[in-house]
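Fold and contact review
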Amino acid sequence: MDLEFAVNGERFKIDSVDPSTTLLEFLRLNTPFKSVKLGCGEGGCGACLVVLSRYDPELDQVKECSINSCLTLLCSVNGCSITTSEGLGNTKKGFHPIHKRFAGFHASQCGFCTPGMCISLYSALANADNNRSKEFTVSEAEKSVSGNLCRCTGYRPIVDACKSFATDVDIEDLGFNSFWKKGESKEVMLKNLPPYNPKDHLVTFPEFLKKKKKEIKNLDNGLDHSRYRWTTPFSVTELHNIMDAANSGDSLKFVVGNTGTGYYKDEERFDRYIDISHIPEMSMIKKDEKGIEIGAAVTISNAIDALEVESKSSYIFKKMAAHMERIGNRSIRNSGSIGGNLVMAQSRKFPSDITTLLLAVDASVYMLNGRKTEKVTLQEFLELSPILDSKRVLLKVEIPSWTAPSGDDTELLFESYRAAPCSIGNALPYLNAAFLAIVSRQEPSRKGVTVDKCLLAFGSYGGDHSIRAIEVENFLTGKLLSYSVLYEAVGLLRGIIVPGKDTSHSEYRKSLAVGFLFDFFGPLIENGHRNSHVDTAKSLPVLSSSQQVLESNEFQPVGEAIIKVGAALQASGEAVFVDDIPTLPDCLHGAFIYSTEPLAKIKSISFRENVTPTGVFAVLTFKDIPQQGQNIGSKTLLGPGPLFADELTRCAGQRIALVVADTQKHADRAAKLAVVQYDTTNLEQPILTVEDAVKRSSFFEVHPMFYPEPVGDVVKGMEEAGRKIISAELRLGSQYFFYMEPQTALALPDEDNCVKVFSSSQAPEYVHSVIATCLGIQEHNVRVITRRVGGGFGGKAVKSMPVATACALGAYKLQRPVKMYLNRKTDMIMAGGRHPMKITYNVGFRSDGKLTALELTMLIDAGLEPDVSPIMPRNIMGPLRKYDWGALSFDVKVCKTNCPSRTAMRAPGEVQGSYIAESIIENVASSLQMDVDVVRKINLHTYDSLRKFYKHISGDPDEYTLPLLWEKLEISSKFKERVEMVKEFNLSNVWRKRGISRVPIVHQVMQRPTPGKVSILSDGSVVVEVGGIEIGQGLWTKVQQMVAYGLSMVKCKGSEKLLERIRVVQSDTLGMIQGGFTAGSTTSESSCEAVRLCCVILVERLKSTMDQMMMEKPSSVTWNMLIQQAYAQYINLSASTLYMPEYSTMEYLNYGVGVSEASHYGKSFILKNLNQSNNNVILLAGGSGPFDRKNRDFKIRYHLRLRKKS
Ligand SMILES: Cc1cc2nc3c(=O)[nH]c(=O)nc-3n(C[C@H](O)[C@H](O)[C@H](O)COP(=O)(O)OP(=O)(O)OC[C@H]3O[C@@H](n4cnc5c(N)ncnc54)[C@H](O)[C@@H]3O)c2cc1C
Ligand code: FES
Ligand code: FES
């Protein structure tokens, strides 16, 4: 039988496919549906989500759930219906209310994550509709997108869009949006929301598949074995036979969800794939007196449902279900199986939550070993040697029922714990634990508690697998609980929880184990009982928000809260990113082979076993750069960087070669199979730290322009100081961008030595110039086009250049289109990211907290190439000067090391500068035992000190608003009350603490020259080009608003309603030159000014025609009539300009204050000084994203990556 399924109602029938093909590969390469995006390929980001619908002919029921198409194998969707975001609605058939609400709540910035978000929400809504007992509540709405990453918006607007569908939502709690205005009644608000009715808006299962399914039994997966290496047994006997028939050397893969490949990136290709999800014994759930049996192929979601409704042992099972809700994310749980998890834990040391839970309830498993079925305890299973291989199959898990022994004095207790970087799932735990205990109270006081029995399981701490702490269990059993007993138990536990050698945060993990044990037994000692646990994560809303926005009509439509251009398109997934551009059949695909050595000669490049991998077309190195060209892959005003390493590689991660193959999959595989031989003889040791760089005087030169001057006399300041902190040290690490769309480019060879390149870049002008220099052709032979970028955050400025240049080299050399979509691992390795640095400082201050002098030494690790690193001293010193240090001196070295070159990462240097300043202030406050807020306030600049520190960019005295903002936010955030509440909380809570702080910011804004072009077409519609790139920040929308405002000055009928008639188009480096970089938070502003100037020119050119027409037909001249007349008169209706900021306004200061309260949940208030924004909602969304992001950067410095250690 052929593979047959539906995508968005359309039938797909396939007669042969490589069984390792994922659903995502198929959708993106073989269908027009491009809303499924490849973000991570690991099940961790949700960009690839689709809805999977399965029809059960016996029950005549359709079951729907969201799944990760990047992990799901195509063959496993046989007979199913797939819905992508464009299947919910699109431009042609009309957008779905989900799309409309995402757009209206400003929940889509770059839009790369948005289709996946919409699918998550849709799936949750469909689930609620199918499951009558479940309402779609606010809490469900929040959880619905918990498995989706968004790197732009900061989640607030996304959650608002989701909550707007909840049955219990208080509509007034929803954030700023374009559906209603502040102060409107609830009725109006509700009426204005795009209506949602499950009957009309839920997708139906295609009839043809239903019919087929009824006709053919087991259509689910009965694929023809002769054409597919995919087999679907329908009984254990069939499974036997298949395994018996397999040749002894055949590699077999048992498949349920295939989610394991999200963690283990197997290169292995299997001879046979056995889909075990249709064997009744393996997909059943059976409950009886003795307990519950769960087939190994049952999905985690189904297991949770079963545990939730189980009545016997319900207390324990419900707790297990609640814990399992935090495994991965909903889509992983929808396809990942219990058995798959256990087998990964057994055979590959996977840090499983499920094994820990099951150990604590003394579960057993059944295995198929040859023809025999064996039952072993889970503990025995985990310790099996040899490990489980493809000759043995896990059949089911048996969880016994636990009930408390009768009598008032005994009690059955169960609790599970999980500490992870993210509390609501989607991150592996640092440690998990589950404890079961039977305890009895001592008569007559019934105060003392004795442990009659206990099972204490710990996992994910860096051991081989989850374990029971048997020694501790034995020690505690029979003991009357007391603190001294517990301390002894802790001593034993410390000897058991021993993380492996390379485990991260090992001390933290060990302390967690102790903390959990204390949390479990502690209350029994203190109170004689455990409080029934209140799950705070459940009862508190995860995100809530409110904003105050002032709108002004003065420059309409500038300042209006209009919906972001293309937001609904982004939500439906129709917005075209580079990888969505349809490719020609002869298109080749590239992948980088990169160095794994920091400094070595490259002796040779070959492939494993000297066999050229399938599909490889060419391997290009620096030797393939045309003779007239140069080995250049990037450039900034501060210097170039090479495309490839030459004979010598100078950092791990440096590009050595480009392997070009027929598909991206083949190119990636070939790059993995590449073998590079290195030679390090006679080479110096690489410079890997800033200390090495200092020893070897390896520094980049910094132009005085980027090296601010010291302020005042530090020696004198130090003398004036009553107190000093000397030689304090701070170290800051790096950070990866995690733009959702990885680096990507497509290059097409053109006639007469030309090349056209589509690049996801924040700096197409530079991409253009680098390509021309690399190929040794004139710049007019190159054209670079960028429509939109799926998240940049600075990472797509310099780092996009080598990707586009390598594609252009391939296309130029091979005369075939070449495309490259970096896989996440390569992207992360090459990205460089934020600059790590070491700071040493001396600070002088008086006993009242007033600072007198600061001396800083700063070593910045810039990596191998200059990139933008030489500007870092300027960027760091900008925000660092936000306080009046009295006097300030510094010695900043930009170190050249053999590490990947660091680049501009969202507010490069500024984040660090602010962090350094705050750390010093906190240190001063702590050494004086003063309230840090008081120290901050004392040291805020006066206007005089501001001028001393910032010189001419300080502006006029009335423009220095920071002290005012400081006071205003104190009132609006109820800061003082909050501080008291935090203090009170901390006094009355031993284990949990809260913190609150108010922080000022001074941002040094610098505008750059930016071009713009506005053209009026013959029908009156307007097309606009700007230098700035739409990277999600809403630049197009603001430009559109500005053009509408600019042209409205014509003052004829219709000129005031031009917004809808204006289209901003992609950047084309031949159509508009000198585009520059889109960076530094000023490109929207300067692009707007550029187009405003164009409008002034056009209005002037139209003036005489307008005057003439007005004289002839006063009051009836329309925009269209005017333009027709101007066309007839050959008036030039295209104006372009290069906006040059004036020296006096080019640089200025901007101020803000933030208050953040932190505990297990957080609350933040931000007040920012703005004159008037072009679009406040875009500004809000654009502000909360970075705020959230930087917050995380410092809160979760070491985010646990769900990646195999390799
Ligand atoms: C993003 C992400 C987050 C995750 N987070 C967590 C988490 O927080 N906590 C946690 O515990 N887990 C987590 N997991 C792991 C997840 O639970 C497992 O990937 C899933 O349960 C595996 O089931 P599967 O059906 O997809 O297995 P598959 O991927 O289909 O199979 C995995 C392996 O097991 C073998 N196998 C499968 N079933 C059997 C069987 N019955 N008998 C013998 N061999 C078999 C397969 O051959 C394969 O080698 C996460 C996974 C991902 C991708
Ligand atoms: S989850 Fe599939 S691409 Fe990230
Ligand atoms: S809008 Fe979510 S990643 Fe950009």
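Residues numbered from 1 in each chain as written. Chains lettered and ligands numbered in written order. Predicted model: local features only at pLDDT ≥ 70, side-chain atom pairs only at ≥ 80, totals over all residues. Heavy atoms only, no water.

Looking up the chain in an unreviewed UniProt entry gives the name indole-3-acetaldehyde oxidase, with the organism given as Arabidopsis thaliana x Arabidopsis arenosa. UniProt annotates the chain under Sequence similarities (unreviewed entry) with the comment "Belongs to the xanthine dehydrogenase family." UniProt lists a comment for the chain under the heading Subcellular location (unreviewed entry), and it reads "Cytoplasm". (UniProt positions renumbered as here; feature names shortened; annotations may be inferred.)

Attention now moves to the environment of Phe 975. Here Phe 975 shows up in helix H34 (residues 975–988). Counting along the chain gives 117 residues from Phe 975 to Arg 1092, while the straight-line C-alpha distance between them is 41 Å. If near-sequence neighbours (up to four positions away) are discounted, Phe 975 is found in contact with Asp 933, Glu 970, Ile 996, Ser 997, Arg 998 and Val 1155. (Helix = DSSP H or I, 4+ residues; strand = E, 2+ residues; numbered from the N terminus. Contact = heavy atoms within 4.5 Å.)

Their axes nearest at 10 Å, the elements helix H19 (residues 483–496) and helix H20 (residues 506–526) cross at an angle of 165°. The orientation of H19 with respect to H20, classified from their angle, is roughly antiparallel. Our pair here, H19 against H20, has a crossing hand that is right-handed. Listed contacts from H20 to Tyr 483, Leu 486, Tyr 487, Ala 489, Val 490, Leu 493 and Arg 494 of H19 are Ala 513, Val 514, Leu 517, Phe 518, Phe 521, Gly 522, Ile 525 and Glu 526. (Axes fitted to C-alpha atoms, helices over the stretch in contact; angles between N-to-C directions. Parallel < 35°, antiparallel > 145°, perpendicular 65-115°, else oblique. Left-handed = near helix turned anticlockwise from the far one by under 90°.)

Before going further, it helps to examine unusual backbone geometry. The peptide bond linking Gln 556 to Pro 557 adopts the cis configuration, its omega dihedral lying at 0°. Secondary-structure assignment places Pro 557 in the loop between helix H21 (536–539) and helix H22 (567–572). Even without a glycine there, the phi angle at Asp 362 is positive, about 60°. Along the polypeptide, Asp 362 turns up in the loop between helix H16 (354–360) and strand E11 (364–369). Phi angles above zero are rare outside glycine, and Phe 738 is one such case at about 50°.

Moving on to the site of ligand 1. Around ligand 1 sit 33 residues, and of these Thr 259, Gly 260, Ser 337, Asp 353 and Arg 418 come closest. The contact in question runs from an oxygen atom of ligand 1 to an N or O atom on the backbone of Val 256, over 3.2 Å. Between ligand 1 and Gly 328, the relevant distance is 3.2 Å, taken from a nitrogen atom to a main-chain nitrogen or oxygen of the residue. Here ligand 1 has 980 Å² of accessible area as a free molecule, and 94% of this is covered by the chains. (Near = heavy atom within 4 Å. Polar contact = N/O pair within 3.5 Å; in protein donor to acceptor, adjacent residues only side chain to side chain. Areas by Shrake-Rupley, 256 points an atom, 1.4 Å probe, with all protein chains shown as cover.)

With nine bridges connecting them, strand E32 (residues 851–863) and strand E33 (residues 888–896) associate as parallel partners. Each bridged residue has a counterpart across the sheet, and for Thr 857 the counterpart in E33 is Asp 891. Remark: the E32/helix H29 (residues 872–880)/E33 crossover connection has right-handed handedness. (Pairing = 2+ DSSP bridges. Right-handed = clockwise from strand over helix to strand, strands pointing away.)

Spatially, the four strands line up as an open sheet ordered E26-E31-E32-E33, and their pairing is mixed. Two strands close off the open sheet at either side, each with one partner strand: strand E26 (723–732) and E33. Recorded for the sheet is a direction-independent mean angle of 10° between the axes of neighbouring strands. As paired elements, E26 and strand E31 (residues 837–845) share eight bridges and run antiparallel to each other. Opposite Arg 731, over in E31, you have Lys 838 as the bridge partner.

This next bit is on the packing of helix H36 (residues 1083–1112) against helix H37 (residues 1119–1128). The relative placement of two packed helices is expressed as an angle between their axes plus a distance between the axes. It is the contact of H36 with H37, at a shortest axis distance of 10 Å, that shows an interaxial angle of 115°. Pair H36 / H37 crosses with right-handed handedness. Residues Leu 1102, Thr 1105, Met 1106 and Met 1109 of H36 form the contact with H37, whose own contacting residues are Trp 1119, Met 1121, Leu 1122, Ile 1123, Gln 1125 and Ala 1126. Here the residues of the contact of H36 with H37 sort into eight nonpolar, two polar and no charged. (Nonpolar A, V, L, I, M, F, W, Y, C, P; charged D, E, K, R; others polar.)

Before going further, it helps to examine helix H28 (residues 824–831). Burial in H28 covers these residues: Arg 824, Thr 826, Asp 827, Met 830 and Ala 831. Mapping the buried residues of H28 onto a view down its axis gives an arc of 160°, with all of them on the same face. In this structure, the buried side of H28 is in contact with strand E18 (588–594) and strand E24 (655–661). At the C-terminal side of H28, Gly 832 shows a positive phi close to 80°. (Buried < 20%, exposed > 50% of the residue type's maximum accessible area, 1.4 Å probe, protein only. Arc of directions from axis to C-beta.)

Walk down a regular strand and you will see the side chains alternate between the two sheet faces. In this structure, strand E27 (residues 744–750) lies alongside strand E30 (residues 818–821), joined through four bridges in antiparallel fashion. When the bridges of E30 are listed, Thr 744 appears paired with Tyr 821. Linking E27 back to strand E28 (residues 754–759) in an antiparallel pair, the connection comprises three residues, with Asp 752 at a positive phi of about 55°.

With 58 residues, the main nonpolar core has Leu 856, Leu 880, Trp 885 and Ile 916 as its most contacted residues. When residues of this core are assigned to their parent elements, the largest contribution, seven residues, is made by helix H30 (residues 910–928). Setting aside anything within four residues of it in sequence, one finds Ile 916 in contact with Leu 730, Leu 732, Met 837, Ile 839, Leu 856, Met 858, Ile 876 and Leu 880. (Core = buried A, V, L, I, M, F, W, Y, C linked by side-chain atoms within 4.5 Å.)

Turning our eyes to something else, we now look at the packing of aromatic side chains. The full count for this structure, using the stated rule, is 29 aromatic pairs. Ring geometry for Tyr 263 against Phe 350: centres 4.9 Å apart, planes inclined by 90°, an arrangement best described as edge-to-face. Of the two residues, Tyr 263 sits in the loop between strand E7 (252–255) and strand E8 (272–275) while Phe 350 sits in the loop between helix H15 (338–348) and H16, which places them 87 residues apart along the sequence. The same class applies to Tyr 263 and to Phe 350, which are both buried. Consider the rings of Tyr 736 and Phe 737, whose centres lie 6.2 Å apart with planes at 70°: the pair is edge-to-face. Exposure remark for Phe 737: the relative accessible area of 0% places this residue in the buried category. Clustering of aromatic rings is evident, with ring pairs tying together Tyr 417, Phe 435, Phe 458, Phe 516, Phe 520 and Phe 521. If you follow Arg 655 out to its NZ or CZ, it ends over the ring of Phe 592, 5.9 Å from the centre. We note Arg 816 situated over the ring of Phe 617; from NZ or CZ to the ring centre the distance is 4.8 Å. (Phe/Tyr/Trp six-rings, centres within 6.5 Å; stacked < 30°, edge-to-face > 60°. Lys NZ or Arg CZ within 6 Å of the ring centre and 35° of its normal.)

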